[in-house]
Amino acid sequence: MLTVKQRDLLLLIDRHLKRSGVVPSFDEMKDALGLKSKSGIHRLITSLEERGFIRRLPHRARALEIVKLPEGLAAEAEASAPAFQPTVIPGGFKRQLVGAPVAGAADAVSVPLYGKIAAGTPIEALADPSNTIDVPAALLAGGEHYALTVEGDSMIEAGIFDGDTVLIRKTDTVENGAICVALVDQQEATLKRLRRKGESIALEPANPRYETRIFGPDRVSVQGRLVGLIRRY
């Protein structure tokens, strides 16, 4: 059983990861929990790690991963987590979203367009520095990005259709339940929702016609997180 402070910190980290993809700073944790010093946060994190609720990721600052949540807390976190709503930007910027600001040339940033995401092809093998696409700068909230063309209908219930272009922020870790580019066995790249289940990783499609695939943690590496979507009409 967790103490109130342990529970509050675990929920804070989980919500922050789901919202921004990064762990809050120790100062943010201290302020959110009403503690006077960061040493209390260190103790809480150590206790959560010892109980198997979180894991420190080596060689990275502020790198924590949620391993599991208590049953009641997991239901609360799941209920409060927003469903993915793709940011759909019409390609070419000639047609605009209703209520969206008009994007001019100065508002667009070129990112690499790696081609179609397909089984059997690592993302690095798709890279072509001569092939780029212009995207609204507002979609790039920091970090390195690339774009991929979606092939197939395995994510249609998440609003991602065949032929769409997805915008991916490069990262090697994502929060539980995020849609990401995952590389399986260093060979097969796929766009799926990632869920950690104990010591296993599940790659979930958003189409009941396809099955969820489950792998050991050493077989899956994250290559980026979905942050936007461009659709041509």
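Residues numbered from 1 in each chain as written. Predicted model: local features only at pLDDT ≥ 70, side-chain atom pairs only at ≥ 80, totals over all residues. Heavy atoms only, no water.

(A) Seen up close, the pairing of strand β6 (residues 145-149). With 5 of its 5 residues buried, β6 lies for the most part within the structure. Here β6 shows two buried faces, one formed by His145, Ala147 and Thr149 and the other by Tyr146 and Leu148. Alignment of strand β4 (residues 108-116) against β6, held across 2 bridges, turns out to be parallel. Of the residues in β6, the one forming a bridge with Lys116 is Thr149. Pairing analysis gives 5 bridges linking β6 to strand β7 (residues 165-169), with the strands arranged antiparallel. (Buried < 20%, exposed > 50% of the residue type's maximum accessible area, 1.4 Å probe, protein only. Helix = DSSP H or I, 4+ residues; strand = E, 2+ residues; numbered from the N terminus. Pairing = 2+ DSSP bridges.)

(B) Quick look at the packing of aromatic side chains. Taken as a whole and assessed by the stated rule, the structure comprises 1 aromatic pair. Seen from their ring centres, Tyr114 and Tyr146 are 4.9 Å apart, and the 10° between their planes marks the pair as stacked. Taken together, the residues Tyr114 in strand β4 and Tyr146 in strand β6 connect sequence positions 32 residues apart. You can call Tyr114 buried: its relative accessible area is 12%. The exposure class assigned to Tyr146 is buried, which follows from its relative accessible area of 1%. The positively charged end of Lys68 is found above the aromatic ring belonging to Phe53, 5.0 Å away from the centroid. (Phe/Tyr/Trp six-rings, centres within 6.5 Å; stacked < 30°, edge-to-face > 60°. Lys NZ or Arg CZ within 6 Å of the ring centre and 35° of its normal.)

(C) Spotlight on the pattern of salt bridges. Counted according to the given criterion, the structure contains 11 salt bridges. Salt-bridge contacts for Arg7 lead to Asp8; the nearest nitrogen and oxygen are separated by 3.6 Å. Given a relative accessible area of 31%, Asp8 falls into the partly exposed group. Taking the shortest distance from any N to any O, the salt bridge between Arg196 and Glu65 comes out at 2.7 Å. Residue Arg196 is found in strand β9 (residues 188-197), and its partner Glu65 is found in strand β2 (residues 64-66); the two are separated by 131 residues along the sequence. Arg196 gets classed as buried once you look at its relative accessible area, which sits at 13%. Since its relative accessible area comes to 11%, Glu65 is described here as buried. Members of the salt-bridge network, linked through shared partners, are Arg55, Glu65 and Arg196. (Salt bridge = Lys/Arg side-chain N within 4 Å of Asp/Glu carboxyl O.)

(D) Structural context of unusual backbone geometry. The phi dihedral of Asp185 is positive, around 55°, even though this residue is not glycine. Considering the arrangement of structural elements, one finds Asp185 in the loop between β8 (179-184) and β9. Of note in this structure, Gln186 is not a glycine but carries a positive phi near 60°.

(E) Structural view of helix α2 (residues 26-33). Listed in full, the buried residues belonging to α2 are Met29, Lys30 and Leu33. Here the buried residues of α2 occupy an arc of 100° about the axis, which is enough to place them on one side. Among the exposed residues of α2, those oriented more than 90 degrees off its buried face are Asp31 and Ala32. (Arc of directions from axis to C-beta.)

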